[in-house]
Amino acid sequence: YNGGMRAPVQPGDPCVVFGDGLVGHWTAQTLSRRGAQVMLVGRHDDRLAKFADWPGAILVNEKKTPWREAIATHYPDYAQVVVDTVGSMDVMEGIVPHMKRFGHLISAGFYGTGDAMPLQPPRYRELSIHLVSGWTVERLEETFQAITRGDLACAPLITHHFSVDDAADAWELIESKREPVLGVILNW
């Protein structure tokens, strides 16, 4: 919700969300509900497919199509909003030439403690950089309302349920990815 609501968005604005995990999906859903045309970039066809029916959705598996190529093809006039949910310095530094002047670059990923991003390249395009993290009571309430209204679809993203007694097995599945996995629920 934070990543999808932070930047001003006009209907039809080209937006790119990096990451096909839960945060990426919810960010893409939020931007789509706001009227943006959203490109979701990930590495898992099964996960990307869960966003296919959203209005304006463009799906890019970066294992098959490099993200720079996909953005140049679909957004030749550049992206207005870019959200990184995976913590990729390659994205944060490499996306700048693909963004509109006065665009919005949103960091919702973790880059480690040794991260360092040069600020001059975004300055040339006069980009706003948003560092979303944390919570407020108001944003949590707005998020719960969005889920209740169906603006944020959660249930379709759940791929597995485990008993809490099988939490170690759930974690092993998440780490090994021995089968397609996205949202994992522990039933208490």
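In what follows, the structure referred to is the one given above.
Residues numbered from 1 in each chain as written. Predicted model: local features only at pLDDT ≥ 70, side-chain atom pairs only at ≥ 80, totals over all residues. Heavy atoms only, no water.

Chemist: So what's going on with the sheet that holds strand E1 (residues 14–18)? Residues and values would help.
Modeler: Spatially, the six strands line up as an open sheet ordered E3-E2-E1-E4-E5-E6, and their pairing is parallel. The sheet is open, and its two borders are formed by strand E3 (58–61) and strand E6 (128–131), each paired with just one other strand. Strand-to-strand twist of the sheet, defined as the mean angle between neighbouring strand axes without regard to direction, takes the value 15 degrees. Bridge count for E1 against strand E2 (residues 37–42) is five bridges, and the pairing is parallel. Within the sheet, the bridge partner assigned to Val 17 lies in E2 and is Leu 40. (Pairing = 2+ DSSP bridges. Helix = DSSP H or I, 4+ residues; strand = E, 2+ residues; numbered from the N terminus. Axes fitted to C-alpha atoms, helices over the stretch in contact; angles between N-to-C directions.)

Chemist: Let's hear about the nonpolar core: which residues, and what values?
Modeler: Counting 20 residues, the largest nonpolar core has Val 16, Phe 18, Met 39, Ile 71, Val 82 and Ile 95 as its most contacted members. Among the secondary structure elements, those contributing two or more residues to this core are E1, E2, E3, helix H4 (67–74), strand E4 (79–84), helix H5 (89–94) and strand E5 (99–107). Sorting elements by how many residues they give to this core places H4 first, with three residues. Those residues within four positions of Phe 18 in sequence are excluded, and the remaining contacts are Val 41, Trp 67, Ile 71, Val 82, Val 83, Asp 84, Thr 85, Val 86, Val 91 and Ile 95. (Core = buried A, V, L, I, M, F, W, Y, C linked by side-chain atoms within 4.5 Å. Buried < 20%, exposed > 50% of the residue type's maximum accessible area, 1.4 Å probe, protein only. Contact = heavy atoms within 4.5 Å.)

Chemist: Residues and numbers for the layout of surface pockets, please.
Modeler: Volume-wise, the largest pocket comes out at about 390 Å³. Of all the secondary-structure elements, those providing two or more residues to the lining of the largest pocket are helix H1 (2–5), helix H2 (22–33) and helix H7 (137–149). With five residues, the single largest contributor to the lining of the largest pocket is H7. Classifying every residue of the lining of the largest pocket by side-chain character gives eleven nonpolar, seven polar and one charged. (1 Å grid on protein atoms, 1.4 Å probe; cavity = no way out; pocket = protein on both sides within 12 Å on 5 of 7 lines; lining within 4 Å. Points joined across faces, edges and corners; volume = space filled by probe spheres on them. Nonpolar A, V, L, I, M, F, W, Y, C, P; charged D, E, K, R; others polar.)

Chemist: Outline the pattern of salt bridges, listing residues and values.
Modeler: Inspection of the entire model under this criterion finds nine salt bridges. In this structure, Arg 47 engages Asp 20 in a salt bridge whose closest nitrogen and oxygen atoms are separated by 3.6 Å. With Arg 47 in helix H3 (residues 45–48) and Asp 20 in the loop between E1 and H2, this pair connects stretches of sequence that are 27 residues apart. Residues Arg 47 and Asp 20 agree in their burial class; the two are buried. Asp 151 serves as the salt-bridge partner of Arg 149, at 2.7 Å between the closest nitrogen and oxygen. Three or more residues are tied together by salt bridges with common partners; here these are Arg 33, Arg 149 and Asp 151. (Salt bridge = Lys/Arg side-chain N within 4 Å of Asp/Glu carboxyl O.)

Chemist: I'd like to hear about the packing of aromatic side chains, residue by residue, with values.
Modeler: According to the stated counting rule, one finds two aromatic pairs in the structure shown. An angle of 85 degrees between the planes, with centres 5.1 Å apart, marks the rings of Phe 18 and Trp 67 as edge-to-face. Remark: Trp 67 occurs in helix H4 and Phe 18 occurs in strand E1; sequence separation between them is 49 residues. Ring geometry for Phe 51 against Trp 54: centres 6.0 Å apart, planes inclined by 15 degrees, an arrangement best described as stacked. On the basis of relative accessibility, which here comes to 14%, the residue Trp 54 falls in the buried class. Seen from the ring of Phe 102, Arg 101 lies directly overhead, with NZ or CZ sitting 5.8 Å from the centre. (Phe/Tyr/Trp six-rings, centres within 6.5 Å; stacked < 30°, edge-to-face > 60°. Lys NZ or Arg CZ within 6 Å of the ring centre and 35° of its normal.)

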